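Single-letter residue listing:
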Amino acid sequence: MQNKGLVRVFAIIFGLVCLYILSFTFIANNKETAAKEYAISKAGDNADERDAYERIYLDSIGKQNIFAGITYNEAKEKELNKGLDLKGGINVILQISVRDILGGLANGKRDPKFIAALDAADEAQKNSQNTYLDDFLTAFEAQGGDKNLADPDIFSNVILGDKVNNTMSNDEVAGVLREQVKETIKSAFETLRNRIDKFGVTQPNIQSLGDNGRILVELPGAKDIQRAVRFVTAKAQLEFYETHYAEDVYLYLLSVDQALAAKIKVEEEKEAAEVVQDSTENSDNVVDELLKDVEEDVEEAAAQASPLFDILKPSIQYREAARIAYAAVKDTAQINGYLRTPEMVRLRPANLRFAKFAWGDIETLPVPEGEDEEEGEEVVYLYALESNRSGEPAMSGDVVNGAVQQFKQTGEPAVGLDFEGQGIGQWAKLTRTVSQKRNAIAIVLDNTVQSAPTARQEIKGGGTEISGSFTVQSAQDLATVLNAGKLPASADVIEAEEIGATLGKEAINSGVISFIIALVLVLIWMVFYYGKAGLFADIALIVNILFIFGVLASIKAVLTLPGIAGIVLTIGMSVDANVLIFERIKEELRKGKSQKDAIKDGFNNALSSILDANITTFLTALILFLFGTGPVQGFATTLMIGIATSLFSAIFITRLFIDNYGKNGKSLEFATGMTKNLFANTKIDFLGKRKIAYIISTALVAIGIFSLVTGGLNAGVDFVGGRSYTVRFEKAMNSSEVGELLASDAVFGSAIVKTYGADNQLKITTKYRIQESGLEVDEAVEQKLYEALKTYLPADLNFADFSRSFDGKEIGKMSYNKVGPTIADDIKRGALFAVIGSLIVVFLYILLRFRRWQFSLGAVAAVFHDVLLVLGIFAIFKNIMPFDMEVDQNFIAAILTVIGYSLNDTVVVFDRIREYIKEHGSTRGFGKLINQALNSTLSRTLNTSVTTLIVLLAIFFLGADSIRGLMFALIVGVIVGTYSSLFIATPVMFDTVQKKALKEEKKEEETEEA
C-alpha cells in the first residue's frame, strides 16, 4: 500500500480529534450524574424538587473550569446529542395556518368567492401533495366569475399596499402571495425559535419542514407536554377590552334561556303531534286520552326546562362584577353554540349589540362543606367584552414593550407589562374611562381572559399587571411568549410525541448493553474464524466505532434508538469488508502466491466488490434520510457514516496492521485450525436447484400476498393517524379486558390495546376525536383515558401524576404519540416514494456498473422477493408474536435496510461472476462459471450473514421494546436476503441472459457428454 505514512498520520490525528470531541460528552454526563446525586440527597422522592435542585446545581457550576479550560456549559453545547427516545422529551410538528395568513392579507374581508376558495383548499389538502396556497389558487380559478384576486374586496387593500393593485392579473397577485406567505412562515419560525431558546431545556431543536408551513420543534428533557404545546402554539394575541357588568348581561341571558325553553316546547309539541298522527288507527277515546297525556308531559317539560341556566351559573349577586357567570369546562362548547345562533344574537339589547363573549382560564371551585371530594369542580368564568362592529379591542397588545414575571403584594405570581410609544397614552385613556364607568379591563390572550382588573383612577405610568391562577412557571412562560412576539397565524399540532424520562433511561441502558454484547460477540467470532488476522480486523472495528461516534458528535447529529441500531448493524456490516478481503487473500494463498503478493492481490481484488456493495447500501440509506423523519433519519445518518468509516477502517487501518506484522517475514494465517479449509472446495450446483428454489419462493410469496390481501398489516399511527399511549401498571394486565373497556361507547368507541414489553405495560391506540385539534381536545382525551383506567391504577395516583413525566416514574403514562390524519397520509406517501425510489436508483446503479440489464433485473427481482417475504411474515404473525409488530416509520427503515443488505450480497456475487467472465470469457460453460462464482463467495456470504445475525439477535433480545419489531424485520431480511442472493438473483440473471451465452453453455455440455 502506497502512502502508508500519510494514512497512519491521518488515522492518528482523526482518532485524537474524535477522542477530544467525545470528551465533552464524558464531562457533561459526569457532571449531570453528580447533579442527580445532589438532587436526590436534597429532595428524596419529590420529583419536582429534584428537578429544581438539579437545575440549581448545574447552573452553579455552568461557568466553572472543569478540565483543560472546559466548562460544563461548553461541554453541554458540544456533547453528542441524544434523541428523545434516549433522553425523554417532547417532539411536535406544527402546522402554521396558511388560511389565517391569507385571511390576514385580505384584511379580514369575507368575499363569498374568496371564502369558498379557502373552504375548497381546506378540503383539497386532505388528499393533496400541493401546498395550501397552490390549492387555494386552483380553487379560486375554478370558482369562475369576473372577480379576480386583485379585487378591492380581496387583496387590493391597505395590508398589501402598493404590492397589489386592481390592474394586476391573478398570476401576478399569486407571485406576491407566495412571497408574503413565505415571509410570514419565516416570521413564525423566528418567533418560535425565540420562544424555545428560553423554554429551559438543553439542545432544543427547531426545523422548517418544506414550504407548506410545517415546523418541527424538539424539546429534549421536557416533561410536561401540555405546558410545551401551550408554549409553542400560543398565538400571543394580546388585547385589552372594557367589560360589561354582570347586571347588564343577566337580563339578556335570561331572555336566551326563555327563548331556548320555548324552542324546546315547540319541538316537543311537534314530536307529540307526530305521535298522534301515527296513532290515527286507534279509537277516538284512546286518541283523546293520548292527547291529554302528551299535553301534560309538554307542560311539565316546559315548566322544568332551563336549557342555559342548567349549565351556566349567573353571578347576579355580584351585579357590578366583570365575571357574569361560570360553567364546567365540558359545557363551554354547548353554551357557545347557544349564544352564537342567529336567533339568540337578535335578542341582544342595543348596549350588547357588538359585545364579545369570552371565557377565562380554568379555575377550581372550593369543595362545599360536608363533601369528601379532594378537589373542587374545574370551571371557567364568562365575560362580556365591549367592542364595535369590527370586533376591535379598546387597545391592542402591539404596544407592549416588555413582559416580566413578578409577584403581587400578596406573594402570588403575576406578569408585569410595560407599554411603549402610543401605548402609554392609550393605557392612560383606557384606565381613565374605566375609573369613570367603574367597570373593568379584560386582559385577553388568544381569546382567553387572563384577568380583569379595575382602575380607580387614570394610570399614567405606562404599565400594568396580569394576575390570575398563575404558578411561577406559568407566569414565566407567559412573559417569555409575550416577549418573543405573537405568531402571525395560528399553529396547530398535527403530530406530537412524548417519551417519559424513565423510558428514555431504560432505552439507553438496554441500547448500551446490547451494543457491548454485540460488539464482544463479533470480536470473538472474528478471532475464532480468522485467528490473528481477525484480531487486526477487531482493532480496525473498534477504531471504526470511535470514528462513528466522533463524526456524529462533530456534525451535531442526534443519536436515536434506531441510530444505535444502525451503529450495531454497521458493526455486522463493517465486518463484511474484512471478510471479503481475508477470503480473497486465502484464495491467493491457495494459488501458491507468497504472503506479501497474496495480501496485495487480495486487497486489490476485493476492492471492487467492497465499493459496489457499500455504495448500493449507502444509496438506500441516503433515500431513507431524504424521505424519513426524526428517529428514522437518525438511523439513516448513522448507517451512512458507518459505511464511510467502515470502508476507511477496512481498506486502510486493517491493511496497516497486516503489512506491519508481515514486513519482517512473520507468517500470518488468515484462518484457525478449525476454519482453515472450511468452504474451500465446495461444489454446490446452485443453478441446478433453481427450479426447486423458484417453487419454494413462489409458494412463500403467494402465502404472504394472500395474508396481506386478506388480513393486511398492523398499521401504526404513523400511517393511519390516531393517538397512542404507553401505560404502565402495578401488576400484570389483561389487554383484552382493557381493550373491551376502552372500545365501549362510554369511553372511546374503538381502541386497540396490546401488551407492550413487560406484561404490566400496555400500548393503547385510538382514533377518538383525532379529527379535532387543540390542546383542550388532547387533554380531554387523556383525562377520559385516566378515568377509564382508574380502577386498575393505585388509589392515590391522581391525573397530574398519571400524565406528567419525571425521573423514576414507574406507574402511569410513560409515552404518548399523536399523528393527525393529514400528516399520516404524507408519511405513507413518503414511505412509498422511499421504497420505489431506492429500487429505481439501485436498478440504475447496477445497470451502470455491470452494463447488462439482466444483472439489474436479477437484483431487483431478489429485492422484491425479500420485501414481499418480510411483509408477508409481518402479515401472518402480526397477532401471534409476543412483541409489537406495528408497521410504522421504523418498519420502513427496516425494509430499506433489507433492500440494501440484499443488494450487498447480490452485488458481491455479481462482481465475482463479472470477474470470472473477464478471466475465462466463453471458454467454459456459463452455468459452470456462475456456480463456481457462487461457491467461491459462499464462505464470505455465510460469514457476513452470521456476524450480522449475531449483532441483530443481541439487540433483538436485549434492546428496547420500541425497536424489537425493527430488529425482527432485519433478522428476517438478512436470512431471506442471503437465500435470495444465491437462489433468486443469480438464477434470474442466468435465465434472462443473452441466448448466445446459453447456446455456448449447451454446446460445451454436449461436447463433454460426447
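Source: prediction; values computed, not measured.

1. Section: the overall build of the protein chain
(1) Moving on: In terms of helices and strands, the protein chain carries 32 helices and 24 strands.
(2) Moving on: Based on the C-alpha atoms only, the size of the protein chain along its principal axes is roughly 110 × 85 × 70 Å.
(3) Moving on: The 1010 residues of the protein chain split such that 52% are buried.
(4) Moving on: Across the protein chain, contacts joining residues at least 24 apart in sequence account for 75% of those joining residues at least 6 apart.
(5) Moving on: Taking the average location of the 101 positive side-chain charges in the protein chain and that of its 129 negative ones, the two points are 12 Å from each other.

2. A few points about the packing of aromatic side chains
(1) Moving on: Using the criterion set out here, one finds 37 aromatic pairs in the structure.
(2) Moving on: Between the aromatic rings of Y250 and F309, the centroid separation amounts to 5.9 Å while the plane-to-plane angle is 5°, which identifies the pairing as stacked. Of this pair, Y250 sits in helix α10 (residues 246–278) while F309 sits in the loop between α11 (284–304) and β8 (313–314), and the two are 59 residues apart along the sequence.
(3) Moving on: Relative accessible area serves as the criterion here: at 23%, Y250 is assigned to the partly exposed category.
(4) Moving on: Judged by relative accessible area, F309 falls into the buried class, the value being 14%.
(5) Moving on: Grouped by ring-pair contacts, the aromatic residues W525, F528, Y529, Y530, F582 and F670 constitute a single cluster.
(6) Moving on: Between the NZ or CZ atom of K113 and the centre of the ring of F140, over which it lies, the distance is 4.2 Å.
(7) Moving on: Above the plane of the ring of F603 lies R655, whose end atom (NZ or CZ) is 4.6 Å from the centre.

3. Let's talk about the UniProt feature "domain: SecDF P1 head subdomain" (unreviewed entry) in the protein chain
(1) Moving on: The positions that UniProt labels "domain: SecDF P1 head subdomain" (unreviewed entry) are, in the present scheme, residues 392–489.
(2) Moving on: Regarding residues 392–489, the helix share stands at 30% and the strand share at 31%, and the terminal C-alpha atoms are separated by 17 Å.

4. Remarks on the pattern of salt bridges
(1) Moving on: Taken as a whole, this structure holds 42 salt bridges when the rule is applied.
(2) Moving on: With a shortest N-O distance of 2.7 Å, E79 and K76 are connected by a salt bridge.
(3) Moving on: Classification of E79 by relative accessible area gives buried; the value is 1%.
(4) Moving on: Owing to a relative accessible area of 7%, K76 belongs among the buried residues under this scheme.
(5) Moving on: Put simply, R584, E587, R912 and E915 are held in one network by salt bridges that share partners.

5. Observations concerning the sheet that holds strand β23 (residues 761–766)
(1) Moving on: If you walk across this open sheet you meet the eight strands as β5-β6-β4-β19-β24-β21-β23-β22, and the pairing is antiparallel. At either margin of the open sheet sits one strand with a lone partner, and together these are β5 (205–209) and β22 (752–755). When strand polarity is set aside, the average angle formed by the axes of neighbouring strands in this sheet is 20°.
(2) Moving on: For strand β4 (residues 89–96) and strand β6 (residues 214–220), the ladder comprises seven bridges, and the chain directions are antiparallel. Bridging across to β6, Q95 finds its partner in R214.

6. Things to note about the domain arrangement of the protein chain
(1) Moving on: Here the protein chain is described as being made up of domain 1 (4–79), domain 2 (96–202), domain 3 (242–279 + 293–368 + 376–486), domain 4 (500–711 + 825–998) and domain 5 (723–818).
(2) Moving on: Computed over C-alpha atoms, the centres of domain 3 and domain 4 are 65 Å apart.

7. Some details on unusual backbone geometry
(1) Moving on: Phi angles above zero are rare outside glycine, and N447 is one such case at about 70°.
(2) Moving on: Here N447 shows up in the loop between β16 (441–445) and β17 (448–451).
(3) Moving on: With a phi angle near 55°, R769 is a residue other than glycine that sits in the positive phi range.
(4) Moving on: With respect to the helices and strands, R769 occurs in the loop between β23 and α24 (775–789).

8. Description of the pairing of strand β24 (residues 812–819)
(1) Moving on: Across the eight residues that make up β24, a large majority, eight, are buried.
(2) Moving on: For strand β19 (residues 491–499) and β24, the ladder comprises five bridges, and the chain directions are antiparallel. Note on β24: the bridge partner recorded for A496 is K818.
(3) Moving on: Bridge count for strand β21 (residues 722–728) against β24 is seven bridges, and the pairing is antiparallel. Note that in β24 the partner of V727 across the bridge is K813.

9. A look at the side chain of T184
(1) Moving on: For T184, the position within the fold is in helix α8 (residues 170–196).
(2) Moving on: Those residues within four positions of T184 in sequence are excluded, and the remaining contacts are I101 and P488.

10. Some remarks on the nonpolar core
One broad trend across soluble globular proteins is that nonpolar side chains are buried collectively.
(1) Moving on: Counting 140 residues, the largest nonpolar core has F582, F891 and I899 as the members making the most contacts within it.
(2) Moving on: Judged by nonpolar contacts, the second largest core, of 82 residues, contains L192, A236, V738 and V747.

11. Side note on the packing of helix α23 (residues 735–742) against α24
(1) Moving on: Contact geometry of α23 with α24 gives a least axis separation of 11 Å together with a crossing angle of 125°. Put simply, α23 runs oblique to α24. With respect to the hand of their crossing, α23 and α24 are arranged in right-handed fashion. Counted together, V738, L741 and L742 of α23 and L785, A788 and L789 of α24 form the full contact between these two elements.
(2) Moving on: Classifying every residue of the contact of α23 with α24 by side-chain character gives six nonpolar, no polar and no charged.

12. Description of the packing of helix α18 (residues 561–590) against helix α19 (residues 595–627)
(1) Moving on: Two elements in contact, α18 and α19, have axes separated by 7 Å at closest approach and are oriented at 145°. Between α18 and α19 the crossing geometry is right-handed. Between α18 and α19, the contacting residues are M573, A577, L580, I581, R584, I585, E588 and L589 on the first element and Q595, A598, I599, D601, G602, F603, N605, A606, S609, I610 and T617 on the second.
(2) Moving on: Residue classes in the contact of α18 with α19 are distributed as 11 nonpolar, five polar and three charged.

13. A few points about helix α5 (residues 98–105)
(1) Moving on: Here α5 has its buried residues at V98, I101, L102 and L105. Considered in projection along α5, the buried side chains sweep an arc of 95° and stay on one side of the axis.
(2) Moving on: Of the surrounding elements, those touching the buried residues of α5 are β4, α6 (112–124), α7 (132–143) and α8.
(3) Moving on: Positive phi shows up at N107, right after α5, with a value of about 60°.

14. As for the confidence of the model for the protein chain
(1) Moving on: Per-residue confidence for the protein chain gives a mean pLDDT of 83; residues scoring 70 or more make up 92%.
(2) Moving on: Within the protein chain, no element has a lower average pLDDT than α11, which sits at 48, and none a higher one than helix α21 (residues 690–710), at 93.
(3) Moving on: Counting interchain partners and residues more than four positions distant, the pLDDT-below-50 stretch residues 294–303 has five contacts.

15. A short note on the sheet that holds strand β15 (residues 413–419)
(1) Moving on: Across the sheet, which stays open at both edges, the three strands sit in the order β14-β15-β18 with antiparallel pairing between neighbours. In this open sheet, the two strands that pair with only one neighbour each are β14 (400–407) and β18 (463–466). In this sheet, adjacent strand axes meet at a mean angle of 25° when their direction is disregarded.
(2) Moving on: Both β14 and β15 contribute to a ladder of seven bridges, which runs antiparallel. Across the sheet, Q405 pairs through a bridge with V415, a residue of β15.
(3) Moving on: Sitting on the sheet, helix α15 (residues 472–484) touches β14, β15 and β18, and the angle it makes with β14 is about 170°.

16. What about the pairing of strand β9 (residues 323–328)?
Regular strands place side chains that alternate from one sheet face to the opposite one.
(1) Moving on: Two strands pair when backbone bridges link them, and β8 and β9 are joined in this way by two bridges, in the antiparallel orientation. Along β9, the bridge assignment pairs K313 with Y326.
(2) Moving on: Pairing between β9 and strand β12 (residues 378–385): five bridges, direction antiparallel. The partner of R323 across the bridge, within β12, is Y383.

Reading the values: rules and limits
Residues numbered from 1 in each chain as written. Predicted model: local features only at pLDDT ≥ 70, side-chain atom pairs only at ≥ 80, totals over all residues. Heavy atoms only, no water. Helix = DSSP H or I, 4+ residues; strand = E, 2+ residues; numbered from the N terminus. Buried < 20%, exposed > 50% of the residue type's maximum accessible area, 1.4 Å probe, protein only. Contact = heavy atoms within 4.5 Å. Lys, Arg positive; Asp, Glu negative; His and termini not counted. Charge placed at Lys NZ, Arg CZ, Asp CG, Glu CD. Phe/Tyr/Trp six-rings, centres within 6.5 Å; stacked < 30°, edge-to-face > 60°. Lys NZ or Arg CZ within 6 Å of the ring centre and 35° of its normal. UniProt positions renumbered as here; feature names shortened; annotations may be inferred. Salt bridge = Lys/Arg side-chain N within 4 Å of Asp/Glu carboxyl O. Pairing = 2+ DSSP bridges. Axes fitted to C-alpha atoms, helices over the stretch in contact; angles between N-to-C directions. Domains from an automatic or database assignment. Core = buried A, V, L, I, M, F, W, Y, C linked by side-chain atoms within 4.5 Å. Parallel < 35°, antiparallel > 145°, perpendicular 65-115°, else oblique. Left-handed = near helix turned anticlockwise from the far one by under 90°. Nonpolar A, V, L, I, M, F, W, Y, C, P; charged D, E, K, R; others polar. Arc of directions from axis to C-beta. pLDDT = per-residue confidence, 0-100.

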